[in-house]
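Topology and contacts: notes
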Amino acid sequence: MELDTQQVIREQLSAGERLLWSGRPKQGIFFRSSDFFMIPFSLFWTGMMVFVVMSSRKAGTAFPFAGMDMLFLAMGLYMLVGRFFVDKAQRTKTYYGLTEQRAIIVSGIFRRSVKSLNLRSVSDATLTENGREGTITFGPTNQMAAWAQGMPWPGMSQNQVPMFERIENAKSVYEMIRKAQAGDR
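Residues numbered from 1 in each chain as written. Predicted model: local features only at pLDDT ≥ 70, side-chain atom pairs only at ≥ 80, totals over all residues. Heavy atoms only, no water.

**Considerations on the pattern of salt bridges**
Rule in force here: The working definition used for a salt bridge is a side-chain nitrogen of Lys or Arg within 4 Å of a carboxyl oxygen of Asp or Glu. Secondary structure elements are defined from DSSP: runs of H or I of at least 4 residues count as helices, runs of E of at least 2 residues count as strands, and each element is numbered from the N terminus. When a residue's accessible area, from a 1.4 Å probe over protein chains only, is under 20% of the maximum for its type it is buried; when over 50% it is exposed; and in between it is partly exposed.
Applying the stated criterion across every chain, the model contains nine salt bridges. Of the charged contacts in the structure, one is a salt bridge between Glu11 and Arg112, with a shortest N-O distance of 3.3 Å. Of this pair, Glu11 sits in the loop between α1 (5-10) and β1 (19-23) while Arg112 is found in the loop between β3 (102-107) and β4 (113-118), placing the two residues 101 residues apart along the sequence. A relative accessible area of 46% places Arg112 in the partly exposed class. A salt bridge links Glu17 to Arg102, with the nearest nitrogen and oxygen atoms 2.7 Å apart. Pair noted here: Glu17 is in the loop between α1 and β1 and Arg102 is in strand β3, with a separation of 85 residues, a long-range link.

**Focus on the environment of Trp45**
Turning to its location among the elements, Trp45 is positioned in helix α2 (residues 35-59). The class of Trp45 is partly exposed, set by a relative accessible area of 23%. Each C-alpha atom, one on Trp45 and one on Met79, is 8.9 Å from the other, the two residues being 34 residues apart in sequence.

**Details of the sheet that holds strand β7 (residues 163-168)**
Across a sheet, strands are paired by hydrogen bonds formed along the backbone, either parallel or antiparallel in direction. Let me state the cut-off plainly: By definition, two strands form a pair when at least two bridges between them are found by DSSP. For every element, the axis is a line fit to its C-alpha atoms; helices are fit only across the contacting stretch, and the angle between N-to-C directions ranges from 0 to 180 degrees.
The sheet built from three strands is open, its strands ordered β5-β6-β7 with antiparallel pairing. Edge positions in the sheet fall to β5 (125-130) and β7, since each of these pairs with one other strand and no more. Averaged over all neighbouring strand pairs, the angle between strand axes comes to 15°, with direction disregarded.

**Some details on helix α5 (residues 170-182)**
How we decide: What a helix is expected to span follows from its residue count: subtract one and scale by 1.5 Å. Each direction from the helix axis to a C-beta atom contributes to the arc, which is the arc of those directions. Whether two residues touch is decided by their heavy atoms; if any such pair falls within 4.5 Å, the residues are in contact.
Look at α5: 18 Å from first C-alpha to last across 13 residues, which is about the 18 Å you get at 1.5 Å a residue. When we look at burial in α5, the residues that qualify are Ala170, Val173, Tyr174, Ile177, Ala180 and Gln181. Down the axis of α5, the sector holding all buried residues measures 125°, keeping them to one side. Next to the buried residues of α5 lie β1, β2 (95-99), β5, β6 (133-138) and β7.

The analysis is restricted to geometry; functional conclusions fall outside its scope.
Following this line, the structure appears as structure tokens:
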């Protein structure tokens, strides 16, 4: 069941708070700049693990070690293919909202998580454009977390900078944020 974006965000609004914009990240599977490194690395990793698993099977390796081989092979398959589907699923359940006071991000595959950012206290708001589409990040970027963007591992979400990722008309949303931060309504 597809939820209405405005409905999801309006559930998070306080009394008297006015919704200026709501949207969602680009849907589907897509590649990121980090994939230029991650795809060759995951191919190498997975290839090595297939070799190790096959060698272990031939040698008749005992369970604890064979189990570890399978775990590392599963990690390789996740890095190679699975992460794209997890990333897609996360964006399917992500909703963005902007009021005159805050930016709201509702997300979560299994549990709903709501992140609320007071626009007056956000130190940095950065716009990165790619045609009509763009990403707005809130706060200083952690380079390690930026490198791992699109590589969802359990427990990694708290290390990522909050953002409105791959939204349509990002520049106009960015201008709304700047006006709200300045107190222009």
